Amino acid sequence: MYQYDNFDREFVAERVAHYRDQTQRYLAGQLSEAEFLQLRLRNGLYIQRLAPMLRVAVPYGTLSATQLRMLAQISRRYDRGYGHLSTRQNMQFNWPEIADVPDILHDLASVEMHAIQTSGSCIRNVTTDEFSGAAADELVDPRPYCEIMRQWSTNHPEFDWLPRKFKIAVTGAANDRAAIAVHDIGIRAYKNADDAVVFDIFVGGGLGRTPVLGTAIYSGLPVKHLLTYLESIMRVYNRYGRRDNKYKARIKILVRAMGAEAFKARVEQDWVDIKGGPSTLSDAQVADMVAAFAPPARVTSAAASIDLDALRLEHPTFSHWLHHNVGPHQQANLTVVTLSTKMTGVPPGDVSDEQMDAVAQWAEDHSGGEIRISHEQNFVLPHVPRNALFELWEKARRLDLATANAGLLTNMICCPGGDYCSLANAKSIPVAEAIQRRFDDYDYVHDLGDLDLNISGCMNACGHHHVGNIGILGVDKKGQEFYQISLGGHSGHSGHAASLGQIVGPSFARAEVCDVLAIILNTFVDFRLEGESFLSCFNRIGIAPFKERVYVDAD
Amino acid sequence: MSTLIKRSAQGWEISHTDDRPNWKTPQDWQQGEPLLLQVDAEIDARFLQASTIAIDFPAFTDGRGLSLAVLLRQRIKYTGELHAIGAIHEDVLHYMVRCGFDVLELPQERCAETALRLLAPYTHHYQESVEQA
Ligand code: SF4
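Predicted, not measured: the structure shown is a model, and the values here were computed from it.

Draft legend 1. Structural detail: the pairing of strand β18 (residues 470-477) of chain A. All names here are of chain A. Along β18, six of the eight residues are buried, which leaves the element largely enclosed by surrounding structure. The pairing of strand β17 (residues 453-456) with β18 spans four bridges and is classified as parallel. From the neighbouring strand, isoleucine 455 faces β18, where its bridge partner is isoleucine 472. Here β18 runs beside strand β19 (residues 480-487); their pairing, made up of eight bridges, is antiparallel. Within β19, the residue paired with glycine 474 across the bridge is tyrosine 483. The antiparallel pairing of β18 with β19 creates a hairpin that spans two residues between the two strands, and lysine 478 there sits at a positive phi of about 50 degrees.

Draft legend 2. Seen up close, helix α1 (residues 64-74) of chain B. With ten of eleven residues buried, α1 of chain B is to be regarded as a mostly interior element. Turning to α1 of chain B, its buried residues number three or more, namely Arg64, Gly65, Leu66, Ser67, Leu68, Ala69, Val70, Leu71, Leu72 and Arg73 of chain B.

Draft legend 3. View of the domain arrangement of chain A. Residue and element names in this part refer to chain A. The domain architecture assigned to chain A consists of domain 1 (6-109), domain 2 (135-292), domain 3 (308-398) and domain 4 (413-554). Once you take the C-alpha centre of each, domain 1 and domain 3 turn out to be 28 Å apart. Contacts between the two partners involve 22 residues from domain 1 and, on the opposite side, 23 residues from domain 3. Regarding the contact of domain 1 and domain 3, the summed buried area is about 1,900 Å², with carbon and sulfur atoms giving 56% of it. It is Leu68, Arg69 and Leu85 that lose the most area in domain 1 upon contact with domain 3, and together they represent 33% of the buried surface on that side. Linking domain 1 with domain 3 are three salt bridges, by the criterion used here. In this structure, arginine 76 engages aspartate 357 in a salt bridge whose closest nitrogen and oxygen atoms are separated by 3.1 Å. Where domain 1 packs against domain 3, one counts 13 residue pairs in polar contact (both at pLDDT 80 or more). When contributions to the side of domain 1 that touches domain 3 are tallied by element, the ones reaching two or more residues are β3 (62-64), α3 (65-78) and β4 (82-85). If one sorts the elements of the side of domain 1 that touches domain 3 by residue count, α3 sits on top with seven residues. Looking at side-chain class alone, the side of domain 1 that touches domain 3 contains nine nonpolar, eleven polar and two charged residues.

Draft legend 4. Spatial organisation of the pairing of strand β7 (residues 168-171) of chain A. Residues and elements named next belong to chain A. The alternating pattern of β7 places Ile168 and Val170 and Ala169 and Thr171 on opposite faces, both of which are buried. Relative to β7, strand β6 (residues 127-128) is paired through two bridges, and the arrangement is parallel. Bridge pairing in β7 links threonine 128 to valine 170. The parallel pair β6 and β7, bridged by helix α5 (residues 143-153), forms a crossover whose chirality is left-handed. Where β7 meets strand β8 (residues 185-191), four bridges bridge the pair, whose relative direction is parallel. Following the sheet pairing, isoleucine 168 is matched in β8 by isoleucine 185.

The rules behind the values
- Residues numbered from 1 in each chain as written.
- Chains lettered and ligands numbered in written order.
- Predicted model: local features only at pLDDT ≥ 70, side-chain atom pairs only at ≥ 80, totals over all residues.
- Heavy atoms only, no water.
- Buried < 20%, exposed > 50% of the residue type's maximum accessible area, 1.4 Å probe, protein only.
- Helix = DSSP H or I, 4+ residues; strand = E, 2+ residues; numbered from the N terminus.
- Pairing = 2+ DSSP bridges.
- Domains from an automatic or database assignment.
- Contact = heavy atoms within 4.5 Å.
- Buried area = accessible area lost by both parts, 1.4 Å probe.
- Salt bridge = Lys/Arg side-chain N within 4 Å of Asp/Glu carboxyl O.
- Polar contact = N/O pair within 3.5 Å; in protein donor to acceptor, adjacent residues only side chain to side chain.
- Nonpolar A, V, L, I, M, F, W, Y, C, P; charged D, E, K, R; others polar.
- Right-handed = clockwise from strand over helix to strand, strands pointing away.

Here it is, written out as structure tokens:
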């Protein structure tokens, strides 16, 4: 993976010093609350319902074992011994002290990490496929381009004060695990007929209160033009995006108001001046960055070759785990392993310091020292040899990281919601837990097959409820917590095009959610054809049968 | 009295002055006069004939003036003095400098020493810029 050079090290050290200066001026009363807010957000510090929250950037979800150990140490030293994996592949700490944050940033810098631009109206951490550089269905490894964009977007002088936050996602695989359709800019990397890497650029996707799928405005952009083209998009947005109403300030509103064609024309008009200019990428620059992401050298296993089939027969839970949590790698002797955090009773995405230390160790033992964070809030070990799988499973099981539910109902995405987040309309974690408790039978959940269930505590949609096959959204009804359910959403990862969920109807009290979910699942089971997934079934039969049963039975 | 931070051959200098240019808006401006632009102004090649140009920031969080400055420098190749005025703040000056501003007019409540200290908190940058060295 990418290693900092002196330039990066010096930059991050200066960023820490700058932020320390800002914090000191704030604590000394020289910066107002409102001024400091803008500055601390650009360094990932929120003030939440109960305490500050620090969001640490995990660029494109990639971590080394050393970095993960540092996160474990930070959680012990400055927090309460745990961290939270966010849907944007970052790590959040819920209990730091404002005055400690500069020291935390200093510790992060010592392992080539930071919290730059993890919040605020600026270009956020670029996200990508958690299996990048490993997945068997990969066309182009997106990480070198993500790192190029990370550097370009870091303290960009022109684009740090945008109308609103700005999120870029990249996929380079046949299955889009980065949900590019619902990002401000989505980028699809692939090779053209001449075997050159090119990009399709989508703009104006997003979730929140106005969910929209992005529109393609450029097909086959050559690598060298990546940054100049992005600059033109950013400039058009920075100049014309609305600043009078934060709910209308995202680029999706601008693209819709102008029309995608007119937006594209504006971008191209701006691009004329800078295309081929100083921000053009040279072949050497790109080649160096690609080389920085060479596969890890030493991915072997000490274990003798093992008979997986025999072990599967002997250990049914191991067999389940292999089936759901272990995927194909580009190299036949390796696999990609998802370590699920979705254990009943634990808030989805929460990981303890002990788990972090352990995952770091397993990464060193079995995955070339590399770890990923997935947008589904799990850890991924991207390069695990086949003959280390059983050993890894046994270790993971002991630390509650071997739940065999990747891709299944109980592997839900869930935002922190009303337990932590001051914007929430309703709690989300207790809903997730209630669902896990109600649907705790492996055979039933396995029989339901691939199913994305996503929960957000409010319209901001951090839990991606719009793109859940089943989406649950916390709403406020006269001061009471209610939940709206939508069906048929999809982020684009498994052969289906991305789609936004349709709302079933009036919302439900928290106590009703599990019963309604049971009706929805039973409806699916009754209607499905052999081998049909929830999403395929929904796409075939539509929302009507679900509606009918949910509201008849609920009366 | 306004406080200016201005680029000179010796580097950046603080000065205090009552003698502000007689800024004109694009509607009543004539060739050779100082021109004041709002952040939502559209670029016009005629601006090259201004004696000096200022961009008025309605809030320090409003990045439109940064893009406008870059367009003046990059698109019409304006090389004269470019003033940042209005609600500017110590912590955004380093961005302004890199977007091509060379005179920064601080509002009264801002601290000139802090501003001077924070003009270049970073030795190196990840991007090309239109900074007027
Ligand atoms: S979706 Fe709403 S409640 Fe959940 S984390 Fe985001 S802002 Fe907070």
